[in-house]
Amino acid sequence: MDIRCSAVADTSAKSFIEKKKQNILIDTFILILKSKALVIGLIIIGIMLVLALFPSVFTKFDPNYIDGNAIMLSPCTTHWFGTDMYGRDLFSRVIYATRLDLFIGVSAMFVPFAIGTSLGLISGYYGGKVDALIMRIVDILMSFPYMVLCIMIVAIIGAGIKSLLIAMWLVDWKNYARLIRSEVMIVKNSDFIQAAKVMGFSDKRILLRHILPNVLSSALVYAASDIVVCMMASAGLSFLGIGVQPPTPEWGALIALGKTSLSKSWWQSFFPGIFLILSGFGFSLIGDGMSDLLRTRGR
Amino acid sequence: MNRLSYIIRRLIQMIPVFFIVTVLVFVLIRCIPGDPALTMLGDRATHEMIEAYRQKIGYYDPLWLQYFIFLKDLLHFDLGSSLRYSEPVINLILERLPVTIGLTVSVVFFTVVIGFPLGFMAGKKRNKLPDYIIRIYSLFGLSAPQFWVGLMLLLMFGVKIKLFPVSNWGDTLPEHIMALILPGITQALGIMAVIIRNLRNNVVDISGTSYVTFARSKGLSEGRIDLRYIFRNALLPTTTILSLWIASLLGGCIIIETVFNLPGLGALMINSVLSRDYSVIQGGVLIFVITVLIINLITDIIYSMLDPRVTLN
C-alpha cells in the first residue's frame, strides 16, 4: 500500500514537473515573440543560414568561374551585384561566402566561450594558486591589443583559415574567463552551495549542476555581442590579407579585392560589406533581445 | 596615499608584466619556422657566409643567453634592424609613431565632438524620435566593419566629391591634418556607438535623481541643470570607457591605416608580417604593449582625479 502510494505520488510529481517544464517553454516562447529585437534578429540570421546552407538554390553562377567577357560589369539583371576584375559573378561569390563567414564567426566565438567558461569556473571555485596562474595569463593577454596579438600569431603559423581560427581562439577566451570567474566568486558563497557541500556532493557536481546554470546567463549575453566582434575581426584579418586566402570567397577578402579598383567599380566592395553589416546587425539584435529577456526572467 | 607614490607603485608593478611580455615575444618570434641567417642573406649565400652570420647573431648561444642579450639591447633601445628596409627598427618605429598618435587624437576629437552631444540628446529626449534614431545608429555602428565604412567614405568624399585627399599623406602639417580627418571619423563612428549608449543611459539615470529634482525646485534654469548637474556627472563613467577604448584603438589603427594608406605603425606591422620581417614585428608588438600599459596607468590616474570618491589605495 505504502509503495503504491509513493508510486502515485512519484508519477504526479513527475507530471507536475513535466507540466511546469512545458509552461516554462511556452512562457519563454511568448517572451521571445514579444521582443521585437529578438524576432527581427532571428529572422535576419535565419535567412543568412538558409543562404549559407543552400547557396546553389539562389544563384546559377559558379562563384569561381572566370568569364573573360564579363570583366568588371556594373550591377545588371544577369549579374545582380556586378562582376569582379576576373569576370566572376559577385552575387554568387557573396552568397557562397555566407557559409564560411558564419562558420568562422560562430566557431571563433564558441571555442573561446567553452575554454573561458571552464577556466573561469575552475579559477573562481578553487581559488589559490590555480586562480593566480590563470588570472596572470589573462592579465598578460589583456596587455596586448586584440588585433596585434592575432597578427603576431598569424605571423608565426602562417596566413590561412586554420591559423586565423587558432589566433582568435587563443586571444578571445580571456574575457569569458574573467566574466565567469567574478560571477562564480559571488555564487560560491551563497547558502545553497554551502548546503550542497554539506550534503557531500562532489566538486564536479556542484560546479556543473549548481554553479554553472547560475552564472551562464551573463556569458551567453556577452557571447551574442562577442560573435559580432569575432565576425568583424576575422573579416578584418582577411581584409588585411592574412586570413582567408583568395580565391576562396569571404566577405572581408572580397572587400579587400574591391579596394584595388574602388574608383572604377564601387560594387565590388559595397555588396560584401552590406552582407557583413546585415549579419552583424542580426546578431546584435539577438544579443540585445536576449539580455532584455534574461532581465525580465530574472525579475 | 598621495598621487606620486601611487604612480611609483604602479610603475613598479608594471615591471614584472613587462618582463613576462618580453619573454613571450622573444619565445614566440623564435618559434617562427625558417633559418634567420638564410632569410637575411638569401638563397645565394655560401656556407661560410651563413656560418659567419650565425656566429655574429649568436645563433649557437644557449637560449637564456640570447634572451639576456635581447634584453640588454632592448634597454639600450636597440630593437635590431629591419631585413626589408635595412634600417634600425627603432628609427622605423619613431618615424611612424607620430602618424598613429595623430590618428588616435583625430578619433578621440571626433568621438567627443559628435558623440557626446548625440548621447546627451538621446538621454534628454528619451523614447522620442531622436532617441530611437540615435539608438538604431548605435546598433548599426557596432555591427558595421570599419574597413568597409572607411572605403565607402573614401569613395564618397575622396573620389566622387574630392573633398579629402585619397591615399595621400602629404608633406606639410595642413596636408597631414586633412589626411587624418576621414580616418578619424571612420574609427570614431564605431566607438561613438558605445559612447552614445553609455552616455544616454547615464543621462536617463541622473535625470531621475533627487538632486536634479531639488535643483529644479530651487528654480535653477534648465540650461544650468543640464550642464552643471546632469552632463557633468553623466560624463564621468563615459570618459573612463573612452580611455579604455583608446587601447583597442591602437589595434584598430592597423586596419584603418591600411584602408587609407597612412604611413603609421599599424601599416608598418602588417607590411612586416606580409614580408616576414621579424625584427620589425617584434619591435612593433613591444611598442604596442608598452603603450597599452602606459595608457592603463594614465586612465587610472585620470579617473581618480575626476571622481573624488575613488581613492588611490
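Relevant structure appears above.
Rules used in this analysis
Residues numbered from 1 in each chain as written. Chains lettered and ligands numbered in written order. Predicted model: local features only at pLDDT ≥ 70, side-chain atom pairs only at ≥ 80, totals over all residues. Heavy atoms only, no water. Helix = DSSP H or I, 4+ residues; strand = E, 2+ residues; numbered from the N terminus. Rg over C-alpha atoms; globule rule 2.2 N^0.38 Å. Buried < 20%, exposed > 50% of the residue type's maximum accessible area, 1.4 Å probe, protein only. Contact = heavy atoms within 4.5 Å. Axes fitted to C-alpha atoms, helices over the stretch in contact; angles between N-to-C directions. Left-handed = near helix turned anticlockwise from the far one by under 90°. Nonpolar A, V, L, I, M, F, W, Y, C, P; charged D, E, K, R; others polar. Core = buried A, V, L, I, M, F, W, Y, C linked by side-chain atoms within 4.5 Å. Buried area = accessible area lost by both parts, 1.4 Å probe. Salt bridge = Lys/Arg side-chain N within 4 Å of Asp/Glu carboxyl O. Polar contact = N/O pair within 3.5 Å; in protein donor to acceptor, adjacent residues only side chain to side chain. Patch = residues over 30% accessible without salt bridge, like charges linked within 9 Å, V, L, I, M, F, W, Y side chains within 5 Å. Areas by Shrake-Rupley, 256 points an atom, 1.4 Å probe, with all protein chains shown as cover. Lys, Arg positive; Asp, Glu negative; His and termini not counted. Charge placed at Lys NZ, Arg CZ, Asp CG, Glu CD. Expected span 1.5 Å × (residues − 1). Bend = angle between axes of the 7 residues up to and from the residue. Phe/Tyr/Trp six-rings, centres within 6.5 Å; stacked < 30°, edge-to-face > 60°. Lys NZ or Arg CZ within 6 Å of the ring centre and 35° of its normal.

1. Some words on the overall build of chain B
A count of helical and extended segments in chain B gives 12 helices and zero strands. Along its sequence from the N terminus, chain B presents helices and strands in the succession α-α-α-α-α-α-α-α-α-α-α-α. In terms of overall size, chain B is more extended than a compact globule, its C-alpha atoms giving a radius of gyration of 24 Å where 313 residues would be expected to give roughly 20 Å. A buried classification covers 47% of the 313 residues belonging to chain B. At a minimum sequence separation of 6, the contacts of chain B that also span at least 24 residues come to 73%.

2. Focus on unusual backbone geometry
Cis geometry is adopted by the peptide bond preceding Pro 247 of chain A, which originates at Pro 246 of chain A and carries an omega value of 10 degrees. Mapping Pro 247 of chain A onto the fold places it in the loop between helix H9 (203-239) and helix H10 (251-259). Look at Lys 162 of chain B: it is not a glycine, yet its phi comes out positive at around 60 degrees. Positive phi values are uncommon outside glycine, yet Asn 261 of chain B reaches one of about 50 degrees. Within the secondary structure layout, Asn 261 of chain B lies in the loop between helix H10 (222-259) and helix H11 (265-274). You can call Asn 261 of chain B partly exposed: its relative accessible area is 42%.

3. Remarks on the packing of helix H5 (residues 89-124) of chain B against helix H8 (residues 173-207) of chain B
Residue and element names in this part refer to chain B. Their axes nearest at 6 Å, the elements H5 and H8 cross at an angle of 35 degrees. Between H5 and H8 lies a crossing of right-handed hand. For the contact of H5 with H8, the per-class residue count stands at 21 nonpolar, eight polar and two charged.

4. Describing the side chain of His 79 of chain A
Residues and elements named next belong to chain A. Structurally, the position occupied by His 79 is in the loop between helix H3 (55-58) and helix H4 (90-126). Under the relative-accessibility criterion, His 79 is labelled buried at 8%. Once you skip the residues sitting within four places of it in the chain, His 79 turns out to touch Phe 61, Ala 70, Leu 73, Ser 74 and Asp 89.

5. A closer look at the nonpolar core
One finds Ile 211, Phe 239 and Trp 251 of chain A together with Val 285 of chain B to be the most contacted residues of the largest nonpolar core, which totals 164 residues. Here the element with the most residues in this core is H9 of chain A; it accounts for 16 residues.

6. Some points on the interface of chain A and chain B
Accessible area lost upon the coming together of the parts serves often as the stated size of an interface. Chain A puts 37 residues into the contact, and the matching count from chain B is 41 residues. For the pair chain A and chain B, the two sides together bury roughly 3500 Å², of which 85% comes from carbon and sulfur. At the boundary of chain A and chain B, one finds one salt bridge. As a salt-bridge pair, Arg 197 of chain B and Asp 288 of chain A come within 3.2 Å of each other at their nearest N and O atoms. Scanning the region where chain A abuts chain B turns up four residue pairs in polar contact (both at pLDDT 80 or more). For the side of chain A that touches chain B, the secondary-structure elements that each account for two or more residues are helix H5 (128-142), helix H6 (146-157), H9, H10 and helix H11 (267-298) of chain A. Residues of the side of chain A that touches chain B, tallied by class, amount to 25 nonpolar, 10 polar and two charged.

7. Here we look at a nonpolar patch on the surface
Residues and elements named next belong to chain A. Residues Val 50, Leu 53, Phe 54, Val 57 and Phe 58 make up a contiguous nonpolar surface patch of roughly 490 Å² in combined accessible area. Every element with two or more residues in the nonpolar patch is listed here: helix H2 (36-53) and H3. By secondary structure assignment, the location of Val 50 is in helix H2.

8. Thoughts on a positive patch on the surface
Together, Lys 218, Arg 224, Arg 228 and Arg 232 of chain B give the surface a local cluster of positive charge. Within the fold, Lys 218 of chain B resides in the loop between helix H9 (210-217) and H10.

9. A few points about H4 of chain A
Residues and elements named next belong to chain A. In this model, H4 (37 residues) spans 53 Å end to end at C-alpha, consistent with the 54 Å of a helix rising 1.5 Å per residue. Thr 98 marks the point of greatest bend in H4, at about 30 degrees. The N-cap of H4, judged by a side-chain oxygen 3.0 Å from the amide nitrogen of Ser 92 a few residues on, is Asp 89. Just beyond H4, the residue with positive phi is Gly 127, at close to 60 degrees.

10. With respect to the packing of aromatic side chains
Tallying each qualifying case throughout the model produces 21 aromatic pairs over all chains. Note on Phe 81 of chain A and Phe 271 of chain A: the rings are 4.1 Å apart at their centroids and 5 degrees apart in plane angle, and the pair reads as stacked. With Phe 81 of chain A in the loop between H3 and H4 and Phe 271 of chain A in helix H11, the pair connects residues that are 190 residues apart, well separated along the chain. Phe 271 of chain A gets classed as buried once you look at its relative accessible area, which sits at 14%. A centroid spacing of 5.4 Å and a plane angle of 90 degrees characterise the contact between Phe 113 of chain A and Tyr 176 of chain A, whose relative ring orientation is edge-to-face. Here Phe 113 of chain A is found in helix H4, whereas its partner Tyr 176 of chain A is found in helix H7 (residues 161-187), with 63 residues between them in sequence. Here Phe 113 of chain A falls in the buried class, since its relative accessible area comes to 12%. Ring-pair connections join several aromatic residues into one group, and the members of that group are Trp 80, Phe 81, Phe 91, Trp 251, Trp 266, Trp 267, Phe 270, Phe 271 and Phe 275 of chain A together with Trp 148 of chain B. The ring of Phe 201 of chain A has Arg 205 of chain A sitting right over it, with the charged end atom 4.1 Å from the ring centre.

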